[in-house]
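# Chain and residue survey
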Amino acid sequence: MQRANAQIAEIDRKLKEYRVSELGKYEDDARGDSAHLLEEESRRIETAAAHAVSERRAELRRQLYERRIQLTDEVFQKAEESLSEFVSGQEYSEFLRQKAEKAGKLRKDGEPVLLQVRPADLHQSGELLLACGMPARVEEDETIRLGGLRFVLELTGWKADETLDAALEAQRQWFYENAGLFLSQEQRGEQI
């Protein structure tokens, strides 16, 4: 019986060692699996966070760009209103006359000049022809919205746009480039 008890004790001891050994293997496997799962989950969270940050940054850039356009439009709407006041005033006729005179001085040897004005300025044709000198003619140009004139030296084909429309558009381009509201190609990078 003592021998049987010793054998049972030996079997219990081996079983216990086996259990501890197997349990250790499972614990190591479980630690490895959990570390792997933790690493995968961390990568997934980092990727999702980077994606969310990227989307938010793009949305903020879009909103900022729209606000910049809105501000620019407001500035140039006010400029158009000021030009409309100018065109309605006394100085505008003198402005047109000076532009016509400039056209006349640029021609050579009696070259005919075509003066183009907006329909609302056609009534000033006589003064414009006097300022330009002959030969010259005036025609309406419905593409001129704000005022001023375009002229063409008809033999050489030389043209000049002295309209308020063109001047305002040139200022808009200058504003885009110099006002600091819009980023140039070199500045874009990661900035908003």
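Refer to the preceding data block for the structure.
### With respect to the nonpolar core
Counting residues in hydrophobic clusters, the biggest one holds 24 residues, and the most contacted among them are Ala100, Val113, Leu115, Leu128, Leu149, Phe151 and Leu164. Considering every element that reaches this core, the biggest residue donor is helix H2 (residues 91-106), with five residues. Those residues within four positions of Leu128 in sequence are excluded, and the remaining contacts are Leu96, Arg97, Ala100, Leu115, Val117 and Val138.

### Focus: helix H4 (residues 164-178)
Taking 1.5 Å of rise per residue, the 15 residues of H4 would be expected to cover 21 Å, and the 20 Å separating its terminal C-alpha atoms lies within 8% of that figure. Among the residues of H4, Leu164, Asp165, Leu168, Arg172 and Phe175 are the ones counted as buried. Viewed end-on, H4 has its buried residues packed into an arc of 100 degrees, placing them on one side of the element.

### Things to note about unusual backbone geometry
In this structure, Pro135 follows Met134 across a cis peptide bond, with omega equal to 0 degrees. Summarising the element assignment, Pro135 is placed in the loop between helix H3 (125-132) and strand E2 (136-140).

### Notes on the pattern of salt bridges
For the structure shown, the criterion picks out 16 salt bridges. Measuring nitrogen to oxygen at the nearest pair gives 2.7 Å for the salt bridge that ties Arg97 to Glu101. Of the two residues, Arg97 and Glu101 are both situated in helix H2; the distance of four residues between them amounts to about one turn of the helix. Classification of Glu101 by relative accessible area gives partly exposed; the value is 25%. Among the ionic pairs, Glu162 bridges to Lys99, the shortest N-O distance being 2.8 Å. Highlighted residues: Glu162 in strand E4 (residues 158-163) and Lys99 in helix H2, separated in sequence by 63 residues. Using a relative accessible area of 15% as the deciding quantity, one classes Glu162 as buried. Sharing partners across several salt bridges, the network here consists of Glu94, Arg97, Glu101 and Lys105.

### Focus: the sheet that holds strand E3 (residues 148-153)
Strand order in the open sheet formed by four strands is E2-E1-E3-E4, with mixed pairing between adjacent strands. Of all the strands in the sheet, just E2 and E4 have a single pairing partner and so form its edges. Averaged over all pairs of adjacent strands, the angle between strand axes in this sheet comes to 20 degrees, irrespective of strand direction. On top of the sheet, H3 reaches strand E1 (113-117) and E2; it is set at about 145 degrees to E2, its chief contact. The strands touched by H4 are E3 and E4; relative to E4, the strand with the most contacts, the crossing angle is about 80 degrees.

### Concerning the pairing of E4
Where E3 meets E4, six bridges bridge the pair, whose relative direction is antiparallel. For Arg150, the partnering residue across the bridge sits in E4 and is Asp161. What sits between E3 and E4 in their antiparallel hairpin is a turn of four residues, with Gly157 showing a positive phi close to 80 degrees.

### Overview of the side chain of Gln124
By secondary structure assignment, the location of Gln124 is in the loop between E1 and H3. Owing to a relative accessible area of 8%, Gln124 belongs among the buried residues under this scheme. Non-local contacts of Gln124, meaning those with residues more than four positions away in its chain, are made with Tyr92, Ser93 and Leu96.

Reading the values: the criteria
- Residues numbered from 1 in each chain as written.
- Predicted model: local features only at pLDDT ≥ 70, side-chain atom pairs only at ≥ 80, totals over all residues.
- Heavy atoms only, no water.
- Core = buried A, V, L, I, M, F, W, Y, C linked by side-chain atoms within 4.5 Å.
- Buried < 20%, exposed > 50% of the residue type's maximum accessible area, 1.4 Å probe, protein only.
- Helix = DSSP H or I, 4+ residues; strand = E, 2+ residues; numbered from the N terminus.
- Contact = heavy atoms within 4.5 Å.
- Expected span 1.5 Å × (residues − 1).
- Arc of directions from axis to C-beta.
- Salt bridge = Lys/Arg side-chain N within 4 Å of Asp/Glu carboxyl O.
- Pairing = 2+ DSSP bridges.
- Axes fitted to C-alpha atoms, helices over the stretch in contact; angles between N-to-C directions.

Worth remembering: the numbers are spatial, not functional.
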